[in-house]
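# Summary of the model geometry
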Amino acid sequence: MVYRKLISLLLLGLLSIQVVYAQGDTNLGDTALPLPVGGYVFNLQPDTISAMQSARMTWVKAWIGSGQDADLVPIRDFIEQGHQAGFKVLLTVTGDPAEMAVVGDDYFPVFAEFVEEVASLGPDGIEVWTAMNTAGKIDSASYVSLLAQVHTAIKAVNPDILVITGALNPIGFFGATDCTDMGCNDDVYAQQMAEAGAADFADCIGVMYIDGIVSPAQTSGDPRGDYATRYFPTMIERAAAPFAGEDIPLCFTGLGYLSAEGYEATWPDYLSFARNTSVTQQAKWLRDAVLIARDDGRIALVIAQYIDNVSTNGDSFSGMAIIRADGTCPACQAIDSLANLPNPEPSASLPLDEELTATIDQVTPAAAFTVQPGDQEHISVRVDPADGSTLDPVLIVYDSAGNMIAFNDDISSSSLGARIDQLPGNQELKAVVYAFNEGSTGDFILRVNGNESLTGSIVGDSNANVRSGPSTNASIVTTVAPGAEIQIRGRNADSSWLAITVDGTEGWIASFLVSSSDDISGLPVLE
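Since the structure is predicted, the reported quantities are computational estimates derived from the model, not experimental observations. (Residues numbered from 1 in each chain as written. Predicted model: local features only at pLDDT ≥ 70, side-chain atom pairs only at ≥ 80, totals over all residues. Heavy atoms only, no water.)

## A closer look at the packing of helix α4 (residues 107-119) against helix α5 (residues 140-157)
Following both chains from N to C, one finds α4 and α5 inclined at 35°, their axes separated by 8 Å at the closest point. Of the two possible hands of crossing, α4 and α5 adopt the one that is right-handed. Residues Phe-108, Pro-109, Phe-111, Ala-112, Val-115, Glu-116 and Ala-119 of α4 touch α5, and the partners they reach there are Ser-142, Ser-145, Leu-146, Gln-149, Val-150, Ala-153, Ile-154 and Val-157. Its residues placed into classes, the contact of α4 with α5 shows 11 nonpolar, three polar and one charged. (Axes fitted to C-alpha atoms, helices over the stretch in contact; angles between N-to-C directions. Helix = DSSP H or I, 4+ residues; strand = E, 2+ residues; numbered from the N terminus. Left-handed = near helix turned anticlockwise from the far one by under 90°. Contact = heavy atoms within 4.5 Å. Nonpolar A, V, L, I, M, F, W, Y, C, P; charged D, E, K, R; others polar.)

As structure tokens, then:
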């Protein structure tokens, strides 16, 4: 931790700061990945550098504080070390809310001067504070006033330094419309920031996403319930919505998934929700989040939280670190794979409603197939490991112009198969299958089917629950009245649950509550 002594308050009256407004330009550097990716580190050791470089990361982030007895030497050394390793350096700089409570608004120029000194050391980006809505509590209006002064100080040193607003703690504890003495929900605070003009004093809006235990492609299915901060797509919308009228991107300065694997014996009960997340899932989800961020178009930077580990016991630091207890980094390999997504020439053609069997091995690590167009508006492509195969397949689909239009790894947490729905059925596509890792080989079955759903109606005498997943433990997303017409999109493996759409809402319903004259056995298995 780094601290700085407060300047005498007698000097504060002599300080006059002219506000400089953000220009809206961001230069995040070249990258081999779909968008710039970096990592949050505690110690930039050789093994940590090697792991990050193997993942093609181009940014490294560290946290520093300001307060009494500041020592800028470790900050300077970290910046130099990061640059020597080929990284751009992002620093999250926080102040002391307790000192600010005593000093009041006069604290702002003191903090701004400290950040100006940090900026003079040559970082490439500065995140101004973090978790202001909870642990680093500052009311939103005061934060924007502080941000304005800090932005001016940073840009006076170097206008090319990226200024990022502090990422808020994603939380729904404090009420949906207002703040309490203890804190604010992130969406409420972000709206207040936007209304106070925060976008005028930053190049990027900082965002944190560390609460997920499902694939970043999902928007439902979390056993804890369907709160927005638990899903990556809804977290993106939650962060972007207050700034929808501004020309400013999002920067995820902390994005991570907890995994208890390797720390089972000491894993704490308060993190029990992540006990069943595997290291492989952590790796795949981080990789997929990068792709989703690229496809979203509003995200400029993703920082993986964390890279290294400061704890040998099971906790939020060790569980989220992508360098695992055994020293390996599966997530590094997964993220690196995005720099070299395979795109071989097709070896065979596959028409609608047919399937073929092929093999992935050391000689043929990726296989491509032409998906022939038909007369359906939408089709689905699915790949599954054949019986007895250890293959963990990944599926990519390219359109007729050669653009990647879809990517999928696991259909669900319990399936290695990959499936992509709602693909255009009126043009020739290319489906590419490859293995998640080099040790995963074997036979697979590739299928192409139409996406036309079946119709049905609700039976019984009372409203039926539509749930987020095929289980009575899944949260209820809506209810539907007896006799209501529904669209049936798919089923689970034993057809005891059906994936349906009703009044625009998607979910799952027990099959005994549905009557249909269509044959549901031909529906795709979606879970």
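## Observations regarding empty space enclosed by the protein
By the definition in use, this model includes three cavities of 30 Å³ or more. The computed volume of the largest cavity comes to approximately 130 Å³. Leu-168, Asp-186, Ala-190, Gly-206 and Ala-239 are, among the 16 residues lining the largest cavity, the residues nearest its centre. Listing elements by their share of the lining of the largest cavity, those giving two or more residues are α6 (186-195), β6 (205-209) and α7 (232-240). (1 Å grid on protein atoms, 1.4 Å probe; cavity = no way out; pocket = protein on both sides within 12 Å on 5 of 7 lines; lining within 4 Å. Points joined across faces, edges and corners; volume = space filled by probe spheres on them.)

## As for the sheet that holds strand β14 (residues 404-408)
Pairing within the open sheet is mixed, and its five strands lie in the order β9-β11-β16-β13-β14. The open sheet is flanked by β9 (348-350) and β14, the only strands paired with a single partner. For this sheet the average axis-to-axis angle between neighbouring strands, irrespective of direction, equals 25°. Across four bridges, strand β13 (residues 393-398) lies against β14 in antiparallel orientation. Bridge pairing in β14 places Tyr-398 opposite Met-404. Across the sheet, helix α8 (residues 279-296) lies against β13 and β14, angled at about 155° from β14, the strand it touches most. (Pairing = 2+ DSSP bridges.)

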